[in-house]
Amino acid sequence: MQHVTQDLSGKHILLGLTGGIACYKSAELCRLFIKAGATVQVVMTEAAEQFITPVTMQALSGRPVYGSQWDAREPNAMPHINLSREADAIVLAPASADFIARLVQGRSDELLSLLCLARPADRVPLLLAPAMNREMWSHPATQRNLMQVAADGAHVLGVGSGWQACGETGDGRMLEPAQLLDDVTAFFQPKLLAGQHVLVTAGPTFEALDPIRGITNHSSGKMGFSIARAARDAGAEVTLVAGPVHLPTPRGVARIDVTSAAEMLDATLMAAPRATVFIATAAVADWRPAAHSAHKIKKDGSGQPPVLHFVENTDILLTVAQSARAQSGKLFCVGFAAESENLVEHAKAKRERKGIPLLVGNIGPLTFGQDDNALLLVDANGLRELPRAPKLALARELVTEIAARLPGWSAR
Ligand code: C5P
């Protein structure tokens, strides 16, 4: 089973390297682009070749690297035209301070700047991953140049902060290859949820019995985190209320960590008044211990097990779905149902019971902790199956389904 989402499948990326020590990360970035399904053509400046060899980049990309506008391999002697026209995007990583300044001036005395200038700007986007020392980064000249390249149509990606090769600490590091892959992938996603604010609950809850033990479940949070990422990539502002899971926060997503169902309810109700879409993927505990023991519940030697009492947790989805905001059509609510059998009947019944426009069913034991899943969408018009696929691919499909239902949607 293929777990890597081939998000860049069919895309041809021109990866441009300019002079900076971050070039060593571009080798990994090239690999990640290819693993995500892209083809990659590397172009290097003379300065970049001081930091990493064209041989390395050729071996990783599987294509000869270009470095000169006088390259005789192109029959028409115009590599700047040919290379820029066959690309779906030009990604400059690292983009040095000097190279950005050259872009601002429209310089074109070497191949990479020449092909950036020659690119058909309306269909070949230019993405920049700046990398430089913190003083160079914060210099007014650099900041002025960054604003100008953005105004000229380039898409400037962020920079990292932290230890720099020069020994100083601050802003200006190139983003890590995995972060750049996420940003470039997001760039290509259609902005179906632009202007929307999506609120997602994800993961399990943990209901403490005493300071040591508690009740939880096998939810990994992967589906909810994938949905948060897909919604963000689709242009939404995203708030993710996460139970106790060990997953990295998707880029650009505001995360609120909670432990218990009561905390998840509070965090959700705080965020809901600004949300336009609520997706409840969390596996919330139905019950919590009626009392929380301040100290560990010990064996007393009698052989008698302790008697535990439980109270029911508030249904977060039901509470939000019954709010005035949802009822008046300003908040589109999506529920999840994890079942172990009779998925269709249970999912239909659950949608009715929760009073929501869309419910997504899945088989619990086949999804918890897995990287892939299969979904069953239930709405007022019937059923739709999304066959087994990586969770991120399913999340993107779900986002498309939700976006299609938003215009004109109003509650009963
Ligand atoms: O009723 P059941 O727990 O099966 O419903 C599952 C759906 O309801 C999921 O979307 C889940 O996130 C949500 N839910 C909730 N709060 C609860 C229980 C379930 O939001 N206390």
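The residue numbers shown here count from 1 along each chain, following its written sequence. Confidence filtering applies because this is a predicted model: local features only for residues at pLDDT of at least 70, side-chain atom pairs given and counted only at 80 or more, and all residues used for totals across whole chains, interfaces and linings. Excluded from the side-chain calculations are hydrogens and water; all other atoms, namely the structure's heavy atoms, are used.

Undergrad: Just to check I follow, could you spell out the side chain of K25 for this structure?
TA: Secondary structure elements follow DSSP: runs of H or I no shorter than four residues count as helices, runs of E no shorter than two count as strands, and numbering proceeds from the N terminus. Within the secondary structure layout, K25 lies in helix α1 (residues 23-35). Under the relative-accessibility criterion, K25 is labelled buried at 9%. In the analysis that follows, any N or O atom pair within 3.5 Å is treated as a polar contact, provided that within protein one partner can donate a hydrogen and the other can accept it, and provided that, for residues neighboring in sequence, both atoms belong to side chains. Polar contacts involving the side chain of K25 include one to the main-chain carbonyl oxygen of M174, which spans 3.1 Å. Throughout, a residue-residue contact means that at least one pair of heavy atoms, one from each residue, lies within 4.5 Å. Apart from residues no more than four positions distant in its own chain, K25 is found in contact with R173, M174, L175, E176 and P177. Throughout this description, buried means an accessible area under 20% of the type-specific maximum (1.4 Å probe, protein chains only), exposed means over 50%, and partly exposed covers the range between.

Undergrad: Just checking my understanding: could you explain the side chain of Q189 for this structure?
TA: As for its position among the elements, Q189 is in the loop between α8 (177-188) and β8 (197-202). Beyond its immediate chain neighbours, meaning those up to four positions away, Q189 contacts D7, D233 and R396.

Undergrad: It is not clear to me how the packing of helix α9 (residues 222-233) against helix α15 (residues 391-405) should be interpreted in this structure. Could you clarify?
TA: In a pair of packed helices, the angle between the axes and the distance between the axes together describe the arrangement. Orientation is described by lines fitted to C-alpha atoms, with helices fitted over the stretch in contact, and by angles between N-to-C directions that extend from 0 to 180 degrees. The interhelical angle for the contact between α9 and α15, taken along N-to-C directions, is 55 degrees, at an axis separation of 8 Å. Judged on the interaxial angle alone, α15 and α9 are oblique. When the axes of α9 and α15 are compared, the crossing they make is right-handed. Each of K222, M223, S226, I227, R229, A230, A231 and D233 in α9 lies in contact with α15, whose residues at this interface are K391, L392, L394, A395, R396, L398 and V399. Only Asp, Glu, Lys and Arg are considered charged, only Ala, Val, Leu, Ile, Met, Phe, Trp, Tyr, Cys and Pro nonpolar, and every remaining residue, Gly among them, polar. Its residues assigned to classes, the contact of α9 with α15 shows 9 nonpolar, 1 polar and 5 charged. Roughly parallel means an angle under 35 degrees; roughly antiparallel, over 145; roughly perpendicular, 65 to 115; everything else is oblique. The handedness criterion is simple: a crossing whose near helix is rotated anticlockwise from the far helix by less than a right angle is left-handed, and one whose near helix is rotated clockwise is right-handed.

Undergrad: Looking at this model, I keep getting lost on the pairing of strand β7 (residues 169-173). Mind explaining?
TA: Every regular strand shows the same layout, with side chains that alternate between the two sheet faces. Between any two strands, pairing holds if DSSP finds at least two bridges. In the sheet, strand β6 (residues 160-163) pairs with β7 via 4 bridges, with the strands oriented antiparallel. Bridge assignment links G162 to a residue of β7, and that residue is G170. Linkage of β6 to β7, two consecutive antiparallel strands, is achieved through a turn of 5 residues, within which G167 is found at a positive phi near 95 degrees.

Undergrad: I would appreciate a short explanation of helix α7 (residues 140-151) in the present structure.
TA: An α-helix turns once every 3.6 residues. As a result, residues three or four positions apart point the same way. Over its 12 residues, α7 runs 16 Å from end to end, which matches the ideal 16 Å to within 8%, given 1.5 Å per residue. Along α7, the positions that sit buried rather than exposed are T142, N145, L146 and V149. Buried residues along α7 cover an arc of 105 degrees about the axis, so they all sit on one side. Exposed and oriented more than 90 degrees from the buried face of α7 are P140, R144, M147 and A151. Each residue after the first adds 1.5 Å to the expected span of a helix. The directions from the helix axis to the C-beta atoms are what the arc is built from.

Undergrad: Which parts of the structure should I look at to understand the domain arrangement of the protein chain?
TA: One frequent convention defines the size of an interface as the accessible area lost when the parts assemble. Assigned domains of the protein chain: these are domain 1 (12-188) and domain 2 (197-295 + 304-405). Domain delimitation follows an automatic or database domain assignment. Computed from C-alpha atoms alone, the centre-to-centre distance between domain 1 and domain 2 is 39 Å. In total, about 450 Å² of surface goes out of reach between domain 1 and domain 2, with carbon and sulfur atoms giving 40% of it. Accessible surface is computed with a 1.4 Å probe, and the buried area is the amount of it that two parts give up when combined, taken over both parts together. Interface area lost by domain 1 to domain 2 is led by D182, T185 and A186, which between them contribute 68%. Salt bridge, as applied in this entry: a Lys or Arg side-chain nitrogen positioned within 4 Å of an Asp or Glu carboxyl oxygen. Remark: the boundary between domain 1 and domain 2 carries 2 salt bridges. D183 is the partner of R251 in a salt bridge, and the nearest nitrogen-oxygen pair spans 2.7 Å. Residue composition of the side of domain 1 that touches domain 2, grouped by class: 2 nonpolar, 2 polar and 2 charged.

Undergrad: Got a minute to help me understand the site of the ligand in this structure?
TA: Note on terminology: near, applied to a residue and a molecule or strand, indicates that one of the residue's heavy atoms is within 4 Å of it. Neighbouring residues of the ligand: 13 residues in total, closest A280, A282, L317, F336 and K350. Between a nitrogen atom of the ligand and a main-chain N or O atom of T314, the distance comes to 2.9 Å. One of the backbone N or O atoms of L317 is found 2.8 Å from an oxygen atom in the ligand. Protein coverage of the free-state accessible area of the ligand, which is 450 Å², stands at 86%. Within the residue set of the shell around the ligand, elements represented by two or more residues are α11 (316-321), β16 (332-339) and α13 (343-354). Considering only residue class, the shell around the ligand consists of 6 nonpolar, 3 polar and 4 charged. Per-residue accessibility takes into account occlusion by the displayed protein chains alone, with areas from the Shrake-Rupley method and a 1.4 Å probe.

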